[in-house]
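Residue-level listing of the chains:
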Amino acid sequence: MDIAKVAKLSGVPASTLRFYEEKGLINSVGRQGLRRVFNANILDQLALIALGRAAGFSLDEIARMIGSKGKPNIDRELLANKADELDRTIKKLIGMRDGLQHAAACSAPSHMECPKFRRLLGLAAEGAWSK
């Protein structure tokens, strides 16, 4: 399958496909004229990359999970660690959402007089949202 068809079917631009190949995430099997040609399993590999990116894995982490031969070798411990990290992020976001919803409906004359909003400010000052 040539690079144009892969780009069309996957929605991944040809420039990104070339970048992924340069990073070792995918491999072309040859050329058809000037165009790279890929095996049919390239769409599965691209789906795996998309899933990894959506979960927050770096391209280097994804490359290690895909392996040099394009056959997935997924590190279960890495998956468990990422799941734990996502749990922590979800908890932070839920706390932020709840605080913002409270602040939006708070009856205090000023947000600066609202204890819950002040607690949010304190957490932000401590860097709790950026960790």
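Fair warning: this is a prediction, and the values are worked out from it, not measured in the lab. (Residues numbered from 1 in each chain as written. Predicted model: local features only at pLDDT ≥ 70, side-chain atom pairs only at ≥ 80, totals over all residues. Heavy atoms only, no water.)

**Q** Describe a nonpolar patch on the surface, naming the residues involved and giving the relevant values.
**A** Together, Leu86, Ile90 and Ile94 give the surface a local cluster of nonpolar side chains, amounting to about 230 Å² of exposed area. Relative to the elements of secondary structure, Ile94 occurs in helix α5 (residues 76–105). Residue Ile94 is classed as partly exposed on the basis of its relative accessible area, which comes to 38%. (Patch = residues over 30% accessible without salt bridge, like charges linked within 9 Å, V, L, I, M, F, W, Y side chains within 5 Å. Areas by Shrake-Rupley, 256 points an atom, 1.4 Å probe, with all protein chains shown as cover. Salt bridge = Lys/Arg side-chain N within 4 Å of Asp/Glu carboxyl O. Helix = DSSP H or I, 4+ residues; strand = E, 2+ residues; numbered from the N terminus. Buried < 20%, exposed > 50% of the residue type's maximum accessible area, 1.4 Å probe, protein only.)

**Q** I'd like a rundown of the side chain of Arg36, residues and numbers included.
**A** Here Arg36 lies in strand β2 (residues 35–37). Of the polar contacts made by the side chain of Arg36, one reaches the side chain of Glu21; its length is 2.5 Å. Setting aside anything within four residues of it in sequence, one finds Arg36 in contact with Met1, Asp2, Ile3, Arg18, Glu21, Ser28, Gly30 and Arg31. (Polar contact = N/O pair within 3.5 Å; in protein donor to acceptor, adjacent residues only side chain to side chain. Contact = heavy atoms within 4.5 Å.)

**Q** Explain the nonpolar core to me, and be specific about the residues and the numbers.
**A** Counting 19 residues, the largest nonpolar core has Leu17, Tyr20, Leu25, Ile26, Leu46, Ile49 and Ile62 as its most contacted members. For this core, the element with the most residues is helix α4 (residues 59–66), which contributes five residues. Filtering out sequence-adjacent residues up to four positions away, Tyr20 remains in contact with Val12, Leu25, Ile26, Leu46, Ile49 and Leu59. (Core = buried A, V, L, I, M, F, W, Y, C linked by side-chain atoms within 4.5 Å.)

**Q** An account of the packing of aromatic side chains is needed here, citing residue identities and associated values.
**A** One pass over the full model with this rule turns up one aromatic pair. Seen in terms of ring centroids, Phe19 and Tyr20 are 6.5 Å apart; in terms of plane orientation they differ by 45 degrees. Their pairing is tilted. Judged by relative accessible area, Phe19 falls into the partly exposed class, the value being 37%. Residue classification places Tyr20 among the buried residues on the basis of a relative accessible area of 12%. Lying across the ring of Phe57, Lys82 places its NZ or CZ 5.1 Å from the centre. (Phe/Tyr/Trp six-rings, centres within 6.5 Å; stacked < 30°, edge-to-face > 60°. Lys NZ or Arg CZ within 6 Å of the ring centre and 35° of its normal.)

**Q** Which residues make up the packing of helix α1 (residues 3–10) against helix α2 (residues 14–22), and what values do they have?
**A** It is the contact of α1 with α2, at a shortest axis distance of 9 Å, that shows an interaxial angle of 110 degrees. The angle between α1 and α2 places the two elements in the roughly perpendicular class. Seen from α1, the contacting residues are Ile3, Val6 and Ala7; seen from α2, they are Ala14, Leu17 and Arg18. Residues that form the contact of α1 with α2 fall into these classes: five nonpolar, no polar and one charged. (Axes fitted to C-alpha atoms, helices over the stretch in contact; angles between N-to-C directions. Parallel < 35°, antiparallel > 145°, perpendicular 65-115°, else oblique. Nonpolar A, V, L, I, M, F, W, Y, C, P; charged D, E, K, R; others polar.)

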